[in-house]
Amino acid sequence: MDEYNRLRQEYGKLELEEDKVFIEFAKRYPASYICLNHIYNCRVMDKYEFPRYSAMFSYLTPGAFHGHQWETFRDIYKKDEALQSGEIFPDFTLADVFDAPMKLSQLRGKYVLLTVGSGGLDDYMALLPLKKDLYDRFSERNLEIVDILIAKEKNDLLKVTANNDVRWLLLSDYKSWFSPYLRTWGIDKICQLFLLDPQGKIVARNVWGDELKRLVESECQK
């Protein structure tokens with residue numbers, strides 16, 4: 001995990017340098033479709049996180065763009081914006097491995113560590129040891145862990161449960177990437193991780209490793 005965090009930090013430094021170069025260009029040509037096309041590709045193809053591409057977008061001239069690409073970008077932007085820290089995570093109802101429906105709002109009053117992922121995916125599997133530790137320490141106090149899995153059939157969830165001794169909620173609508181929830185939320189990359197407060201508000205999105213551990217400990221010990 002230490003090596004993973006070190007590599008993420010090094011990569012982050014390279015990202016900042018790359019963005020600085022683009023921002024200097026955008027300052028000179030804030031109404032250029034070259035700038036819009038670059039940011040569009042950064043989000044759609046390279047899957048930039050919202051804070052990163054939003055900061056780049058802030059240098060463009062409002063009202064300077066129109067057309068299909070612009071409308072598509074604005075739709076993606078609004079969906080991403082709605083799932084940032086401080087926003088209420090949208091309510092949903094999904095079935096667990098016993099076919100029992102679970103509604104997110106049923107968990108109000110607890111912190112919720114919510115992951116959208118896929119069983120067998122490296123990023124998802126890498127989270128399991130930390131989530132087990134947090135579940136053991138805080139599940140009887142004020143933490144619920146919920147994993148929404150992008151799956152085609154119930155057996156996909158059962159394998160994750162059996163092979164990894166998962167004791168928290170695993171949910172799916174078994175529609176894989178065709179899930180209407182994914183389209184509504186604008187999620188086109190996994191894993192996505194959210195920490196929600198007892199009122200359902202997003203405390204943080206996509207924090208990992210030691211940073212996630214410290215955050216959950218800090219919030220759940222309040």
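Residues numbered from 1 in each chain as written. Predicted model: local features only at pLDDT ≥ 70, side-chain atom pairs only at ≥ 80, totals over all residues. Heavy atoms only, no water.

Novice: Any chance you could break down the pattern of salt bridges for me, citing the residues and the numbers?
Specialist: Enumeration over the complete set of coordinates arrives at 15 salt bridges. With its nearest N and O atoms 3.2 Å apart, the salt bridge here joins Lys47 to Asp188. Separated by 141 residues along the polypeptide, Lys47 in the loop between helix 2 (33–44) and helix 3 (50–57) and Asp188 in the loop between helix 7 (180–185) and strand 6 (192–196) bring together distant segments of the chain. For Lys47, a relative accessible area of 25% puts it in the partly exposed group. Residue class for Asp188 comes out partly exposed when judged on its relative accessible area of 33%. Notably, a salt bridge pairs Lys131 with Asp147, separated by 2.8 Å at the nearest N-O pair. With a gap of 16 residues between them, Lys131 in helix 5 (residues 122–138) and Asp147 in strand 4 (residues 143–149) connect regions that are remote in the sequence. Classification of Lys131 as buried rests on a relative accessible area of 0%. One network of salt bridges, in which partners are shared, links Arg43, Lys47, Asp80 and Asp188. (Salt bridge = Lys/Arg side-chain N within 4 Å of Asp/Glu carboxyl O. Helix = DSSP H or I, 4+ residues; strand = E, 2+ residues; numbered from the N terminus. Buried < 20%, exposed > 50% of the residue type's maximum accessible area, 1.4 Å probe, protein only.)

Novice: How would you summarise the environment of Ile88 if you had to cite specific residues and measurements?
Specialist: When you line up the elements, Ile88 lands in the loop between helix 4 (68–81) and strand 1 (93–95). Ile88 sits 72 residues away from Leu16 along the chain, and the two C-alpha atoms are 29 Å apart. Ignoring any residue separated from it by four or fewer positions in sequence, one finds Ile88 in contact with Ala82, Arg108, Gln199, Gly200 and Lys201. (Contact = heavy atoms within 4.5 Å.)

Novice: Can you break down the sheet that holds strand 5 (residues 169–171) residue by residue, with the values?
Specialist: The strand order across the open sheet built from five strands is 5-4-3-6-7, with neighbouring strands paired in mixed fashion. One side of each edge strand has no neighbouring strand; the edge strands of this open sheet are strand 5 and strand 7 (202–205). Pairs of neighbouring strands in the sheet enclose a mean axial angle of 20°, with direction left out of account. Examined bridge by bridge, strand 4 and strand 5 share three bridges and lie parallel to one another. Following the sheet pairing, Asp147 is matched in strand 5 by Leu170. Against the sheet, helix 8 (residues 209–220) touches strand 3 (111–117), strand 4, strand 6 and strand 7, its axis set at about 20° to strand 6. (Pairing = 2+ DSSP bridges. Axes fitted to C-alpha atoms, helices over the stretch in contact; angles between N-to-C directions.)

Novice: Kindly report on helix 8, identifying the contributing residues and their values.
Specialist: An ideal rise of 1.5 Å per residue puts 16 Å on twelve residues; helix 8 measures up with 17 Å between its terminal C-alpha atoms. What helix 8 keeps buried is the set Gly209, Leu212, Leu215, Val216, Glu217, Glu219 and Cys220. Elements that come into contact with the buried residues of helix 8 comprise strand 3, helix 5, strand 4, strand 6 and strand 7. (Expected span 1.5 Å × (residues − 1).)

Novice: So, the packing of aromatic side chains: which residues are in play, and what are the values?
Specialist: For the structure shown, the criterion picks out 19 aromatic pairs. Between Phe89 and Trp185, the ring centres sit 5.1 Å apart and the planes meet at 65°, which makes this aromatic pair edge-to-face. Of this pair, Phe89 sits in the loop between helix 4 and strand 1 while Trp185 sits in helix 7, and the two are 96 residues apart along the sequence. The same class applies to Phe89 as to Trp185, namely buried. (Phe/Tyr/Trp six-rings, centres within 6.5 Å; stacked < 30°, edge-to-face > 60°.)

Novice: Describe in detail helix 2, supporting the description with residues and values.
Specialist: Helix length check: helix 2, at twelve residues, gives a terminal C-alpha distance of 16 Å against a target of 16 Å (1.5 Å per residue), a fit within 8%. The N-terminus of helix 2 is capped by Ser32, whose side-chain oxygen sits 3.0 Å from the backbone nitrogen of Ile34. (Polar contact = N/O pair within 3.5 Å; in protein donor to acceptor, adjacent residues only side chain to side chain.)

Novice: Before we move on, can you summarise a nonpolar patch on the surface with the specific residues and values?
Specialist: Residues Phe25, Tyr29 and Ile34 make up a contiguous nonpolar surface patch of roughly 310 Å² in combined accessible area. Mapped onto the elements, Phe25 comes out in helix 1 (residues 2–28). Since its relative accessible area comes to 32%, Phe25 is described here as partly exposed. (Patch = residues over 30% accessible without salt bridge, like charges linked within 9 Å, V, L, I, M, F, W, Y side chains within 5 Å. Areas by Shrake-Rupley, 256 points an atom, 1.4 Å probe, with all protein chains shown as cover.)

Novice: For the pairing of strand 4, give the residues involved together with the corresponding values.
Specialist: Burial analysis of strand 4 places seven of its seven residues in the buried class, the great majority of the element. Covered by surrounding structure in strand 4 are Leu143, Ile145, Asp147 and Leu149 together with Glu144, Val146 and Ile148, the residues of both alternating faces. Relative to strand 4, strand 3 runs parallel, the two sharing seven bridges. The partner of Leu114 across the bridge, within strand 4, is Val146. For the crossover from strand 3 across helix 5 to strand 4, the handedness is right-handed. A crossover links strand 4 with its parallel partner strand 5, the connecting element being helix 6 (residues 154–164), and its sense is right-handed. (Right-handed = clockwise from strand over helix to strand, strands pointing away.)

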